[in-house]
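The primary structure of each chain is shown beneath.
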Amino acid sequence: MNLPSKEHMQEIVSHLKSADRILLLCHVSPDGDCIGSLLALGRALLKLGKDVSMASEDRVPANLEFLMEPGEILRTEEVSGSFETAVAIDSGDLGRLGDVGTRLFQQAEVKINIDHHNSNPHYGDLNLVEAGRAATGEIILELILHLGLEIDAALAEPLYAAILSDTGGFRFANTTKDTLSKAALLVERGARPNFVSRQIYENKPLGYFKMLALAFKRFTVVDQICYTWITYTEMAEFGLDFEVSEELSTFARMLENTKMSLVFKEKEEGLVKVSLRSQNGYDVSKLAERFGGGGHKQAAGCTINASLDEAISLVLAAAKEVGQQWTG
Ligand SMILES: [Mn+2]
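Residues numbered from 1 in each chain as written. Predicted model: local features only at pLDDT ≥ 70, side-chain atom pairs only at ≥ 80, totals over all residues. Heavy atoms only, no water.

### As for the sheet that holds strand β7 (residues 220-222)
- An order of β7-β8-β9-β10-β12-β11 is seen for the 6 strands of this open sheet, with the pairing classed as mixed. Looking at strand neighbours, the two that pair on one side only are β7 and β11 (294-295), the edges of this open sheet.
- Looking at chain direction, β7 and strand β8 (residues 225-230) are connected through 3 bridges and run antiparallel. Within β8, the residue paired with Val 222 across the bridge is Ile 225. (Pairing = 2+ DSSP bridges. Helix = DSSP H or I, 4+ residues; strand = E, 2+ residues; numbered from the N terminus.)

### Description of the sheet that holds strand β6 (residues 126-129)
- Within the open sheet, the 6 strands sit side by side as β3-β2-β1-β4-β5-β6. Their pairing is parallel. Each edge of the sheet is formed by a strand with only one pairing partner; in this case those strands are β3 (74-75) and β6.
- Sheet contacts for helix α4 (residues 136-146): β4 (85-89), β5 (110-115) and β6; angle to β5, the most-contacted strand, approximately 120 degrees. (Contact = heavy atoms within 4.5 Å. Axes fitted to C-alpha atoms, helices over the stretch in contact; angles between N-to-C directions.)

### Structural notes on the packing of aromatic side chains
- Under the defined criterion, the tally for this structure stands at 9 aromatic pairs.
- Plain terms: the ring middles of Phe 216 and Phe 251 are 5.5 Å apart, the flat faces sit at 65 degrees to each other, and that makes the pair edge-to-face. With Phe 216 in helix α8 (residues 206-217) and Phe 251 in helix α10 (residues 248-252), the pair connects residues that are 35 residues apart, well separated along the chain.
- The class for Phe 251 is partly exposed, based on a relative accessible area of 25%.
- Among the aromatic side chains, those forming a connected cluster through ring pairs are Phe 216, Phe 219 and Phe 251.
- We note Arg 21 situated over the ring of Phe 83; from NZ or CZ to the ring centre the distance is 4.5 Å.
- One Lys or Arg, Arg 192, reaches over the ring of Phe 195 and ends 4.1 Å from the middle of that ring. (Phe/Tyr/Trp six-rings, centres within 6.5 Å; stacked < 30°, edge-to-face > 60°. Buried < 20%, exposed > 50% of the residue type's maximum accessible area, 1.4 Å probe, protein only. Lys NZ or Arg CZ within 6 Å of the ring centre and 35° of its normal.)

### A few points about helix α3 (residues 99-107)
- Turning to α3, its buried residues are Gly 101, Thr 102, Leu 104 and Phe 105. Buried residues of α3, viewed axially, fall in a sector of 165 degrees; they line one side. With respect to the buried face of α3, the exposed residues turned more than 90 degrees away are Asp 99 and Gln 107.
- In this fold, the buried residues of α3 make contact with β1 (21-26), β4 and β5. (Arc of directions from axis to C-beta.)

### Some remarks on the coordination of the manganese ion
- Distances from the manganese ion to its protein donors, namely Asp 33 (OD), Asp 90 (OD), His 116 (NE2) and Asp 166 (OD), fall within the range 2.1 to 2.3 Å.
- Donor residues for the manganese ion sit on one chain with the sequence pattern D-x56-D-x25-H-x49-D. Placement of the pair is Asp 33 in helix α2 (residues 32-47) and Asp 166 in helix α5 (residues 153-166), with a sequence separation of 133 residues. (Donors = N, O, S within 2.8 Å, 3.2 Å for Na, K, Ca; no water.)

### Some points on the pairing of strand β10 (residues 271-278)
- Extensive coverage of β10 is indicated by the burial of 8 of its 8 residues.
- Every second residue of β10 is oriented toward a common face, with Leu 271, Lys 273, Ser 275 and Arg 277 on one face and Val 272, Val 274, Leu 276 and Ser 278 on the other, all of them buried.
- Bridging between strand β9 (residues 260-268) and β10 involves 8 bridges; their strand directions are antiparallel. What sits directly across from Glu 268, in β10, is Leu 271.
- The hairpin turn running from β9 into β10, its antiparallel successor, is 2 residues long, and Gly 270 in that turn takes a positive phi close to 80 degrees.
- Bridge count between β10 and strand β12 (residues 299-304): 6 bridges; the pairing is antiparallel. Note that in β12 the partner of Val 274 across the bridge is Cys 302.

### Observations concerning the pairing of β9
- A large share of β9 lies buried, amounting to 7 of its 9 residues.
- Note: β8 against β9, 6 bridges, orientation parallel. Across the sheet, the residue bridging to Ile 230 is Lys 265, located in β9.

In short, geometric facts, not functional conclusions.
Written out as structure tokens, the structure reads:
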């Protein structure tokens, strides 16, 4: 594989080679990209003999637990000691690290920011931000190769999971020839495509299908905008963790003749997470930014402190206004 030689890449490589105590952090509501990237980089640095801690502010979702050894990823509140280097992974802004995560990051002498979000404000001392990448996992793969390490199965599988997750199973517009050739390399090195897909996308409890059925029944289309919602009490009745509701957006974006989809997920009373998805290259990250969120052009999110009804009418009104300006 040919490796683009980049100044910031080289700086980070030489810093990591000389660093000793390294803390790796992923974002709140961790997804396959950040967990896979975190594990791969953490394991790579352990191979180099570094003292590495990996931490997540929130619990690792059940469908990603197969990637890790028990206890391999700490909760940020369990992290102790000081770190000379902290690496933020897949976090579009500093706050995405969570309250404890942000504090740990800021306490480190050297702060490294590795990400692929367009809106990333380069909050690290060293930044490796490549918005053109489908997944942070792609950047981490290159970083590991630049560190001079071989990719074995223990590195390949989490990286494969990272790329699979952020391309929606190699279906989203960010899937490129380079993405697929990286995935092919990872399979060659021991990643198991069918096993990983089954763990991440299938293997669901019955309550998952009941939740989908309810949310599907609520699909409403106005001005080519599809929206639906689920409440926290419903999620509890179905025996599901909040994170599982994230997957609703994967389905909402499948609807024909729509410009965008909005999924309103009530996390608790008065707190609603909104997932925004668009088709045909429309930019929903701008819409999310209006509500203090952000993300990618075709996939973004925001959190609103309001009742479910209020959040729906607020975001829907803004979406209608933005949607009217979209042609194509
Ligand atoms: Mn990502």
